[in-house]
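Single-letter residue listing:
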Amino acid sequence: MSFIKSSPVTHIIIALVFLVSGLTVNLFQLLFFIVLWPLHKELFRKINYYFSYIIYSELVFLSDWWAGVQYYFYVDKDDYNNYFGKEHAIFIINHKYEIDWLTAWVVNDRIGGILGNCKAFAKNSLKYMPVIGWAWWFGEFLFLQRDLVKDKYTIETKLKTLFEYENPVTMLLYAEGTRFTKEKQEASIKFARTKGLPELKEHLLPRTKGFSIGLPHFRHNLPAVYNVQIAFRREEKPSLRALLNGQRLEAHVYIERIPIEQVPENDKECDKWMYELYEKKDKMMVSFFNTGDWFKESGVKPLEKFVPPLRYYSLINIILWSILILVPFFYFTFNVLISGNLLHILMLMVPLGLLYVILSKLMSVSEIGKTSSEYGTDKKKTK
């Protein structure tokens with residue numbers, strides 16, 4: 001079975017199903033957007049929730065059913081039962097792994113099936129990417145240009161709009177701004193020393209301004225923020241490539257609900273609150289890597305871990321799309337191959353080869369060692 005899961009042929013088939021189903025959903029999103037958006041935005045959002053879920057759940061399937069990642073949650077059970085998945089929220093998440101975003105999607109699927117309303121900040125260029133980027137655009141993601149002056153309006157107005165949805169919305173906030181690497185950590189520590197800020201061992205200093213300047217505009221509609229801490233065992237290398245290869249991983253997810261009343265309203269106090277939160281997150285991560293336990297060395301109140309129940313919708317979704325797409329595809333492929341027409345065979349093989357190259361490129365771009373960032377540089381920003 002491991003050979004099948006790691007086979008390039010299998011990866012091409014998975015990519016084919018994702019691409020065809022995703023573009024089909026994008027088309028429906030466009031049609032409904034043209035018809036409904038000018039007349040009834042809230043109705044479009046409710047329908048688009050399911051379109052978004054169809055696309056996102058195919059990636060959740062890779063984690064839950066294909067690779068069989070084992071998830072352990074550490075939560076206050078009362079908060080879990082009373083609030084999780086039932087209110088607007090901002091998830092403040094550490095950014096250490098290549099699949100932090102997918103882990104957060106799984107969390108949102110498990111805590112109440114709110115995956116379709118899971119939003120995030122994204123680079124402006126990503127909205128032009130077929131399937132995921134287009135789905136994010138229809139889903140009103142916040143596309144930023146990495147310039148505080150230009151992004152200030154987006155943060156203040158569009159986040160306010162998201163938290164006016166009738167149904168719960170989760171905004172994923174990676175306050176570090178970029179994935180953790182040793183080089184970026186060195187730049188973070190150097191900056192921290194010049195400003196008298198905490199020197200973090202397993203995180204980068206958070207970028208606080210986007211959160212603090214936007215919060216006054218939507219906090220009246222935001223019941224809570226959630227401190228979400230994700231860790232895999234030190235020896236594991238979680239990535240899309242690992243999931244495609246069917247590598248079984250362990251994800252440990254600590255989730256703390258923080259009522260919005262506990263977040264200061266003053267900008268400077270809010271910045272201080274964020275730095276203190278990241279000190280806590282850092283102590284927890286150090287404790288986890290040293291002992292395999294969030295709490296032994298961090299001083300944080302211990303919580304029992306539990307395994308959240310699997311949801312079958314992502315599995316059903318991928319089965320249905322696979323039948324719709326692969327049955328005619330294999331029938332067509334079989335007829336082309338037995339025809340013996342070399343031109344037709346070539347016309348079939350070339351697009352599949354290109355699809356594999358694109359898939360490999362996408363996985364390569366997401367790898368930590370191949371990402372670029374200006375974190376810690378002296379590049380001037382527009383003030």
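Keep in mind that what you see is a predicted model, and the values were worked out from it rather than measured. (Residues numbered from 1 in each chain as written. Predicted model: local features only at pLDDT ≥ 70, side-chain atom pairs only at ≥ 80, totals over all residues. Heavy atoms only, no water.)

Chemist: Run through the packing of helix H9 (residues 209-218) against helix H11 (residues 267-291), naming residues and quoting values.
Modeler: Angle between the axes and distance between the axes are the two parameters that describe a pair of packed helices. Look at H9 against H11: their axes get within 9 Å of each other, and the N-to-C directions meet at 130°. Between H9 and H11, the crossing angle belongs to the class labelled oblique. Both H9 and H11 take part in a crossing whose hand is right-handed. Together, Lys 209, Phe 211, Ser 212 and Leu 215 of H9 and Asp 267, Cys 270, Asp 271, Trp 273 and Met 274 of H11 make up the contact between the two elements. (Axes fitted to C-alpha atoms, helices over the stretch in contact; angles between N-to-C directions. Helix = DSSP H or I, 4+ residues; strand = E, 2+ residues; numbered from the N terminus. Parallel < 35°, antiparallel > 145°, perpendicular 65-115°, else oblique. Left-handed = near helix turned anticlockwise from the far one by under 90°. Contact = heavy atoms within 4.5 Å.)

Chemist: Go over the UniProt feature "domain: Phospholipid/glycerol acyltransferase" (unreviewed entry) in the chain with me, naming the residues and quoting the values.
Modeler: With numbering matched to this structure, UniProt assigns "domain: Phospholipid/glycerol acyltransferase" (unreviewed entry) to residues 89-212. End C-alpha atoms of residues 89-212 are separated by 15 Å, and the span's content is 41% helix alongside 15% strand. (UniProt positions renumbered as here; feature names shortened; annotations may be inferred.)

Chemist: Any chance you could break down the sheet that holds strand S1 (residues 70-74) for me, citing the residues and the numbers?
Modeler: Reading across the sheet, the eight strands line up as S4-S3-S5-S2-S6-S7-S1-S8 and stay open at both edges, with mixed pairing between neighbours. Of all strands in the sheet, those bounded by a partner on one side alone are strand S4 (142-144) and strand S8 (305-306). Direction of pairing for S1 relative to S8: antiparallel, over a ladder of two bridges. Bridge pairing in S8 links Tyr 74 to Lys 305. (Pairing = 2+ DSSP bridges.)

Chemist: Kindly report on the environment of Val 17, identifying the contributing residues and their values.
Modeler: Its place among the elements puts Val 17 in helix H2 (residues 8-36). For Val 17, a relative accessible area of 4% gives the class buried. Val 17 has contacts with Gly 22, Glu 58, Ile 318, Trp 321, Ser 322, Ile 325 and Leu 326, leaving out every residue within four places of it along the chain. (Buried < 20%, exposed > 50% of the residue type's maximum accessible area, 1.4 Å probe, protein only.)

Chemist: Go over the packing of aromatic side chains, please, and point to the residues and values.
Modeler: Summed over the entire model, instances satisfying the criterion amount to 28 aromatic pairs. Aromatic pair Tyr 254 and Phe 295: ring centres 6.0 Å apart, planes at 65°, arrangement edge-to-face. In this pair, Tyr 254 is assigned in strand S7 (residues 250-259) and Phe 295 in the loop between H11 and S8, connecting sequence segments 41 residues apart. Members of the aromatic cluster, each reached through a chain of ring pairs, are Phe 73, Tyr 80, Phe 84, Phe 91, Tyr 226 and Phe 306. Above the ring of Tyr 83, the side-chain terminus of Arg 257 is found at 3.7 Å from the ring centroid. (Phe/Tyr/Trp six-rings, centres within 6.5 Å; stacked < 30°, edge-to-face > 60°. Lys NZ or Arg CZ within 6 Å of the ring centre and 35° of its normal.)

Chemist: A description of the nonpolar core should follow, citing residues and the corresponding values.
Modeler: Within the largest apolar cluster, 80 residues are counted, with the highest numbers of intra-cluster contacts made by Phe 73, Phe 91, Trp 105, Leu 172, Ile 255 and Trp 294. Per-element tally for this core: the top contributor is helix H3 (residues 41-66), with nine residues. In this structure Trp 294 touches Tyr 74, Gln 229, Ile 230, Ala 231, His 252, Tyr 254, Met 284, Met 285, Ser 287 and Phe 288, once residues within four positions along its chain are discounted. Among the nonpolar cores identified, the runner-up in size contains 30 residues, and Ile 92, Leu 159, Phe 211 and Val 263 belong to it. (Core = buried A, V, L, I, M, F, W, Y, C linked by side-chain atoms within 4.5 Å.)

Chemist: So what's going on with the pattern of salt bridges? Residues and values would help.
Modeler: In total, this model carries 16 salt bridges according to the counting rule given. For Asp 64, the salt bridge identified is with Arg 110, shortest N-O distance 3.0 Å. Of this pair, Asp 64 sits in helix H3 while Arg 110 sits in helix H5 (residues 100-110), placing them 46 residues apart in sequence. A relative accessible area of 5% means that Asp 64 is categorised as buried. Judged by its relative accessible area of 7%, Arg 110 falls in the buried class. (Salt bridge = Lys/Arg side-chain N within 4 Å of Asp/Glu carboxyl O.)

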